[in-house]
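Here is what each chain is made of, one letter per residue.
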Amino acid sequence: GQKLNVSSKTATTTKKTTATATTSTNSNKVVNVAKKYLGTRYVYGGSTPSGFDCSGFVSYVFSKSGKSMGRQTAASFYKKATKVSNPKVGDLVFFSNTSKKGVSHVGIYIGSGKMINASGSKVNISSIHSGYWKSKFTGYGRI
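For strand E4 (residues 92-96), the buried fraction is high: five of the five residues fall into the buried class. Along E4, one buried face is formed by Leu92, Phe94 and Ser96 and the opposite face, lined by Val93 and Phe95, is buried too. Sheet topology places E4 next to strand E5 (residues 103-111); five bridges connect them, and they run antiparallel. Looking at E5, one finds that Ser96 is bridged to Val103.

Okay, here's the thing in structure tokens:
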């Protein structure tokens, strides 16, 4: 696999940068970037704004938020993530046994028990603890 550069200090960009970034700023940035793609259609294997699947969406949003780690699967995100029980905005939410055995779906936590994720026909905001997702919930992770 790829080695992850955890130091954001060494990353240089040609875009405008704001003052020193904090974890909460980065987390909010992830969610703000994710929300730009609400309504983007679901495409299995998709990882661009022309169509996303769950992990393609998370990979793309993280990349646009300065946390690039290449295309990952839900299971590989789960392996990389530090498991947390009290999620913060921008953390990942994992679900198992959705399309296959084991961890098979990932979304981005946006607070208040909700996530933004690519599922069904498009990128949408879903409740984590009710309906379909409640029984598939696996846990939260921080990248």
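Now that the structure is up, let's keep going.
Inspection of the entire model under this criterion finds two salt bridges. Of the charged contacts, one joins Asp53 and Arg71 as a salt bridge, the two residues approaching to 3.0 Å between their closest N and O atoms. Placement of Asp53 in the loop between strand E2 (51-52) and helix H2 (54-64) and of Arg71 in the loop between H2 and helix H3 (74-80) is noted, with a sequence separation of 18 residues between them. Asp91 is the partner of Arg142 in a salt bridge, and the nearest nitrogen-oxygen pair spans 2.8 Å. Taken together, the residues Arg142 in strand E8 (residues 137-142) and Asp91 in the loop between strand E3 (82-84) and E4 connect sequence positions 51 residues apart. Here Arg142 falls in the partly exposed class, since its relative accessible area comes to 27%. Exposure remark for Asp91: the relative accessible area of 5% places this residue in the buried category.

Another point: the packing of aromatic side chains. Taken as a whole, this structure holds 11 aromatic pairs when the rule is applied. Ring centres 5.3 Å apart and planes at 70 degrees place the aromatic pair Phe52 and Phe57 in the edge-to-face group. Classification of Phe57 by relative accessible area gives buried; the value is 0%. With 4.8 Å between their ring centres and 55 degrees between their planes, Phe95 and Trp133 make a pair best called tilted. Of the two residues, Phe95 is situated in strand E4 and Trp133 in helix H4 (residues 131-136); the sequence distance between them amounts to 38 residues. The pair Phe95 / Trp133 is uniform in exposure class, with both members buried. Taking the ring centre of Phe62 as reference, the NZ or CZ of Lys67 above it sits at 5.3 Å. The positively charged end of Lys83 is found above the aromatic ring belonging to Tyr78, 4.4 Å away from the centroid.

One can find Thr48 in strand E1 (residues 47-48). The class for Thr48 is partly exposed, based on a relative accessible area of 37%. Put simply, Thr48 and Tyr60 are 12 residues apart on the chain and 6.8 Å apart in space, counted from C-alpha to C-alpha. At a separation of 2.8 Å, a polar atom in the side chain of Thr48 contacts the side chain of Ser50.

Another aspect to go through is the environment of Ile128. Its location among the elements puts Ile128 in the loop between strand E7 (122-127) and H4. The spacing of Ile128 and Gly113 is 15 residues in sequence and 5.7 Å in space, taken between C-alpha atoms. Once you skip the residues sitting within four places of it in the chain, Ile128 turns out to touch Val93, Phe95, Tyr109, Gly113, Lys114, Met115, Trp133, Lys134, Phe137 and Tyr140.

The rules behind these values
- Residues numbered from 1 in each chain as written.
- Predicted model: local features only at pLDDT ≥ 70, side-chain atom pairs only at ≥ 80, totals over all residues.
- Heavy atoms only, no water.
- Buried < 20%, exposed > 50% of the residue type's maximum accessible area, 1.4 Å probe, protein only.
- Helix = DSSP H or I, 4+ residues; strand = E, 2+ residues; numbered from the N terminus.
- Pairing = 2+ DSSP bridges.
- Salt bridge = Lys/Arg side-chain N within 4 Å of Asp/Glu carboxyl O.
- Phe/Tyr/Trp six-rings, centres within 6.5 Å; stacked < 30°, edge-to-face > 60°.
- Lys NZ or Arg CZ within 6 Å of the ring centre and 35° of its normal.
- Polar contact = N/O pair within 3.5 Å; in protein donor to acceptor, adjacent residues only side chain to side chain.
- Contact = heavy atoms within 4.5 Å.

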